[in-house]
Amino acid sequence: MKEGVACYRKTGDGRGMKQNGALSKLKSLIGISDARIDPAAAEEAFRSHYRSFRSLLTANNAALELMAGIEEVLRQGRPFGMSFVRGHSTALSVNVFKMVHSLQELSGGRYASLNDAFSRITAEIDEIIAREPPFPKGDFVLFLDRIGRDDTDLVGDKMSNLGEVSNRVGLNVPPGFVITAAATHRFMRASGLKDEINRLIKTLDIEDLEELYTTSAQIQKLISSAPVPPEIAGAIKEGYRELVKQTGPGVLVSMRSSAVGEDSQSVSFAGQYRTQLNVSEEFILDTYKEIVASKYQSQAIVYRHQRGFRHQDVIMSVGCLAMVDAVCSGVMFSRSPRQWQSPWMEINAAPGLGGPVVAGSARTDFYRVSRDDPNQVLLSETGDREPVLDLEQLRKLARAALRLEDHFGAPQDIEWSIDREGELVILQSRPLAPTAGGSAEPAPAACGETALLSGGLPVQGGAACGDVFVVRTNVDLLEFPKGAVLVVEQPLPEWATLMNRAAAVVSETGHAATHLAIVAREFGVPAVFGMAGAARTLGNGDRVTLDADRGCLYPGRNERVLKRLSQPVNLMANSPVYRLLEEVAERIIPLNLTDPGSPFFAPAHCRTLHDITRFCHEKAVTEMFLFGEKTGFDPKSAKQLSGDMPLRWWVIDLEDGLRPGFDPREKFVFIEDIVSEPMLAIWEGMTAKRWAGPPAVSLKGLGSILFRSTMDPRIDPAVRASMGAKNYFLISKNFCNLSMRLGYHFTLAEAYTGPMLTENYVSFQFRGGAADRSRRFIRVNLLKDILERYGFRVEVILDALTARIERKPKGYLLERLKVLGYLLIHTRQLDMVMGEQDMAWHYRRMIEKDLASIIKESARDN
Amino acid sequence: MKMKKKKTVLLVDDEHDFLDITAKRLTRRGYHVLTADNCLRATEELDREPVDVVVLDVMMPECDGVDFLKEIKESHPRIGVVLLTGHASIEAGLRSLESGASDYLLKPVSLEDLIEKIEILYRDLAEGE
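Since the structure is predicted, the reported quantities are computational estimates derived from the model, not experimental observations. (Residues numbered from 1 in each chain as written. Chains lettered and ligands numbered in written order. Predicted model: local features only at pLDDT ≥ 70, side-chain atom pairs only at ≥ 80, totals over all residues. Heavy atoms only, no water.)

**Quick word on the overall build of chain A**
Then, number 1: In terms of helices and strands, chain A carries 24 helices and 27 strands.
Then, number 2: In chain A, which comprises 862 residues, the share counted as buried stands at 57%.
Then, number 3: Restricting to contacts in chain A with at least 6 residues of sequence separation, those with at least 24 account for 66%.
Then, number 4: As displayed, chain A offers around 36,100 Å² of accessible surface, 52% of which is attributable to carbon and sulfur atoms. (Helix = DSSP H or I, 4+ residues; strand = E, 2+ residues; numbered from the N terminus. Buried < 20%, exposed > 50% of the residue type's maximum accessible area, 1.4 Å probe, protein only. Contact = heavy atoms within 4.5 Å. Areas by Shrake-Rupley, 256 points an atom, 1.4 Å probe, with all protein chains shown as cover.)

The following block contains the structure:
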């Protein structure tokens, strides 16, 4: 450390800095403008300022990048979990905190009230993230004959619908009771497992299938081994005793999950949880625990993640229904799931119980029955065996389906059985999950000679290309590569775990009513079932293209088929996690502080983290800008740029932007004295092509300018704010902030181009213009197109444009600065000609050509 | 006259895999790396030789990272400390910065990002002297 220099030491990148020599000296310097300056102390104070400034810029960079990340997932709806929400909110808060802190250092604590705004906003965000769904309250056991829609919070949609089927629609359902969500909540709380499960889930990397399976098994084991509290065990026993009174001793029950919290119409949760048939009294408690634990089956964890549900958003209730002595069972859709306007319904049926039908492991009959009275059989596919259902049974089913659709007000997906007495019993009725992307009814298969396989049943339309991966066991499943085509023998529900990884699904057996088919439709994954021989003939690694509209599979990549590539589905929209992020984002992203000249540009008016970053950045630049002037410290005052140029420029050196040996007392500076790399790049862009002068303006264009000038006093060049009066470069070797006011335009360009990617960025703001609004819009959109082509992230609001790039190497950014330099000079006054289409095209082509040559030439230089 | 010397980084984390891999990679990039799998060992390392930057896991058994951070900033105010966490929390992040941490990073952090944080921190510390 040099002698005589004020002692200054910074801890970390600024935090923990107490009042120190340099800072107090600086404060006194600022107060006394005509005092004699101690150059060494001022120099040192300035350097510490510059360090705080640089930290502020780096934090600003990180914060804006994080905000862009949040906007992107909200826009695209690509699946994200709470770890994304928590991670981004935390990283943002940390970086904005750093900015606030750095600004306090820079300004000598002038903006203390920023802390209040910051604390207020982060507390709000914290509160949103920590918010828990309300605890379910009520009886531990409820009987089905007393259940209706109002009980959904306790018994879930599945069981409350079944209650309605019986009590309101008047169709048969099996007698039974529901172990409610209040019971499960009590059970989980008594088990003390919440923290442990949260820890396991929070650290789980859902992309790692092996970890997913291990964690899933671990959690399920924890839940299954926990004791059921006596008050709940007692209530369940009592419920069973009541059921025996209704049905007779020794009755076996089917136990079905009915999750509470799955309230969205477009979310099916099909086959995610366990169902157990033929449970005798002694196994009811164990089975109950297993079903509660099945909330953490791997496919359910993946499904919730993909659809934006937190684990605490879903709580299990379990229906215990007397077993139906079924002659046959099946699934029916009151409309075709692939064609919502279809005048027919679809019925799948198999002998015996219904489980194998929805699991996709049974061979089923398929019928199409008209919706009109009398319900005609339009199609009957029963293979080489006797039909499972006769006409009377089909009509009975059809009439029941219409009554259910009528009651619930939407097409229904219905599970049913017919018992020994010939009675129809409804086991479940839920809204039919719509097909993602709404594909039409399959065209008749005409696959052509090039097809490897044909004749499959389209389950979800679209087209996809990928490498075959055959999955027969859970071990195969662990190896499944992302983007592969899933090929299976049977469409079992557990394969749904792969629905976020598979490009398409091909199954040898199965039909549209299986749970896997429902999930494939929901996720918009092209799927063809019933494609005989697929698992046997296709080999792992074979590149194939699936035409899921026609049920054809082609070798290799088939561009003709892929032209119909389906759009990705926004699975997250309106989910609990998505809504939560939207709510958090309201405290982060909107920018309310836009005009530094406004009295509302103040800490008290910061309503979002973006406002705070904007405020900090603006004030930090001003502090740096005014330092020399305030302190009367000449070396850091503005120097005029000398040379032959059309505009006048001033340069303020922040640290090392001028060549070594330059006399800092000079009032003038030449471009040869500048060593700031970003400034030189902008300058190169500015001067690479001669400006052709203002474009020839038509009378109409000129009229619009004159009109605007007379209407808006702020754009009169004679009215100027002190800082906006001149064109400034604020520079160091790696940094440049350019503020420029050319006629009616206001422009800000800023860049840091050092060796470290986390510090690097280019940002650009542009607004104003003399022409009327529509011409300015056209010009700003022309700029947007050009900047996006060079990798900028661009936002346009009215006639104001902001553009930004972060985290790129120096060389890349310097090229972009040349682009900006060029545009600064050559697009001014272009707004005037933007009314004429031909002129707009002419200038666009000129700009594109010039830029191509500038970037190419300098690339050769490098 | 500045002497070119290796920058010394102390990694503190109870996850041995993370410790070993990160230490190996940082060493390959020219850092002098010390490791400790608990706070007691970390204290011994800090007493044994001068350290520039500490990379500290927030959650370790029997040791709260933020408390230990405060201890370090008290006994060695010139050491820069970067906290690492697998459980992001706004409250913990801000408490860490207020207690003198230079940064609060979320796991998994890429090696490149970690190195940049260390380099920026080291540069700022050096310039402040």
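**Overview of the overall build of chain B**
Then, number 1: When you go through chain B residue by residue, the secondary structure sums to 5 helices and 7 strands.
Then, number 2: Secondary structure elements of chain B occur, N-terminal to C-terminal, as β-α-β-α-β-β-β-α-β-α-β-α.
Then, number 3: Per-residue burial for chain B yields a buried fraction of 53% across its 129 residues.
Then, number 4: Across chain B, every contact between residues at least 6 apart in sequence was considered, and the portion connecting residues at least 24 apart equals 59%.
Then, number 5: Total accessible area on chain B is roughly 6,500 Å²; 52% of this is exposed by carbon and sulfur atoms.

**Some details on the sheet that holds strand 14 (residues 485-488) of chain A**
All names here are of chain A.
Then, number 1: With respect to topology, 7 strands assemble into an open sheet ordered 12-16-15-14-13-17-18, the strand pairing being mixed. Looking at strand neighbours, the two that pair on one side only are strand 12 (457-460) and strand 18 (552-555), the edges of this open sheet. Ignoring strand direction, the axes of neighbouring strands in this sheet form an average angle of 30°.
Then, number 2: Where strand 15 (residues 504-507) meets strand 16 (residues 527-529), 2 bridges bridge the pair, whose relative direction is parallel. Each bridged residue has a counterpart across the sheet, and for Val505 the counterpart in strand 16 is Ala527. (Pairing = 2+ DSSP bridges. Axes fitted to C-alpha atoms, helices over the stretch in contact; angles between N-to-C directions.)

**Focus on the interface of chain A and chain B**
Then, number 1: Taken together, the contact pairs 34 residues of chain A with 29 residues of chain B.
Then, number 2: At the boundary of chain A with chain B, the tally comes to 5 salt bridges.
Then, number 3: When the shortest N-O distance is used, the salt bridge between Arg54 of chain A and Glu127 of chain B registers 2.8 Å.
Then, number 4: Summed over the shared surface of chain A and chain B, the result is 10 residue pairs in polar contact (both at pLDDT 80 or more). (Salt bridge = Lys/Arg side-chain N within 4 Å of Asp/Glu carboxyl O. Polar contact = N/O pair within 3.5 Å; in protein donor to acceptor, adjacent residues only side chain to side chain.)

**Structural notes on the pairing of strand 14 of chain A**
All names here are of chain A.
Then, number 1: Every second residue of strand 14 is oriented toward a common face, with Val485 and Val487 on one face and Leu486 and Val488 on the other, all of them buried.
Then, number 2: By the bridge criterion, 4 bridges tie strand 14 to strand 15 in an arrangement that is parallel. The residue of strand 15 that forms the bridge with Val488 is Ser507.

**Looking at the environment of His16 of chain B**
Then, number 1: Tracing the backbone shows His16 of chain B in helix 1 (residues 16-28).
Then, number 2: At 2.8 Å, the side chain of His16 of chain B and the side chain of Asp37 of chain B are in polar contact.

**What about the pairing of strand 3 (residues 53-57) of chain B?**
Residue and element names in this part refer to chain B.
Then, number 1: Burial of strand 3 is extensive: 5 of the 5 residues sit out of reach of the surface.
Then, number 2: Of the two faces of strand 3, both are covered, the one formed by Val53, Val55 and Asp57 as well as the one formed by Val54 and Leu56.
Then, number 3: Relative to strand 3, strand 1 (residues 8-12) is paired through 4 bridges, and the arrangement is parallel. Within the sheet, the bridge partner assigned to Leu11 lies in strand 3 and is Val55.
Then, number 4: Pairing analysis gives 5 bridges linking strand 3 to strand 6 (residues 80-85), with the strands arranged parallel. Counterpart to Leu56 in the pairing with strand 6 is Leu83.

**Considerations on the state of the cysteines**
Then, number 1: All told, the structure shown has 2 disulfides over all chains when counted by the stated rule.
Then, number 2: The disulfide that involves Cys447 of chain A links it to Cys552 of chain A, with 1.8 Å between the sulfurs. Across the S-S bond of Cys447 of chain A and Cys552 of chain A the torsion is about -75°, and the bridge reads as left-handed. Separated by 105 residues along the polypeptide, Cys447 of chain A in the loop between strand 11 (424-431) and strand 12 and Cys552 of chain A in strand 18 bring together distant segments of the chain.
Then, number 3: In this structure Cys552 of chain A comes out as buried when scored by relative accessible area, which is 0%.
Then, number 4: Covalently, Cys39 of chain B is tied to Cys63 of chain B through a disulfide, its sulfur atoms 1.7 Å apart. Taking the sign of the torsion about the S-S bond as the criterion, the disulfide between Cys39 of chain B and Cys63 of chain B, at about -65°, is left-handed. Of the two residues, Cys39 of chain B is situated in helix 2 (residues 39-48) and Cys63 of chain B in strand 5 (residues 63-64); the sequence distance between them amounts to 24 residues. Cys63 of chain B shares its class with Cys39 of chain B; the two are buried. (Disulfide = S-S within 2.5 Å.)

**Describing the environment of Ala852 of chain A**
Then, number 1: On the secondary structure map, Ala852 of chain A appears in helix 24 (residues 837-861).
Then, number 2: Residues Ala852 of chain A and Val819 of chain A, spaced 33 residues apart in sequence, show a C-alpha to C-alpha distance of 9.4 Å.

**Quick notes on helix 3 (residues 82-107) of chain A**
Then, number 1: Here helix 3 of chain A contains 26 residues, and its C-alpha end-to-end distance of 37 Å stays within 8% of the 38 Å for a straight helix at 1.5 Å per residue.
Then, number 2: In terms of residue burial, helix 3 of chain A counts as a mostly covered element, since 24 of its 26 residues are buried. (Expected span 1.5 Å × (residues − 1).)

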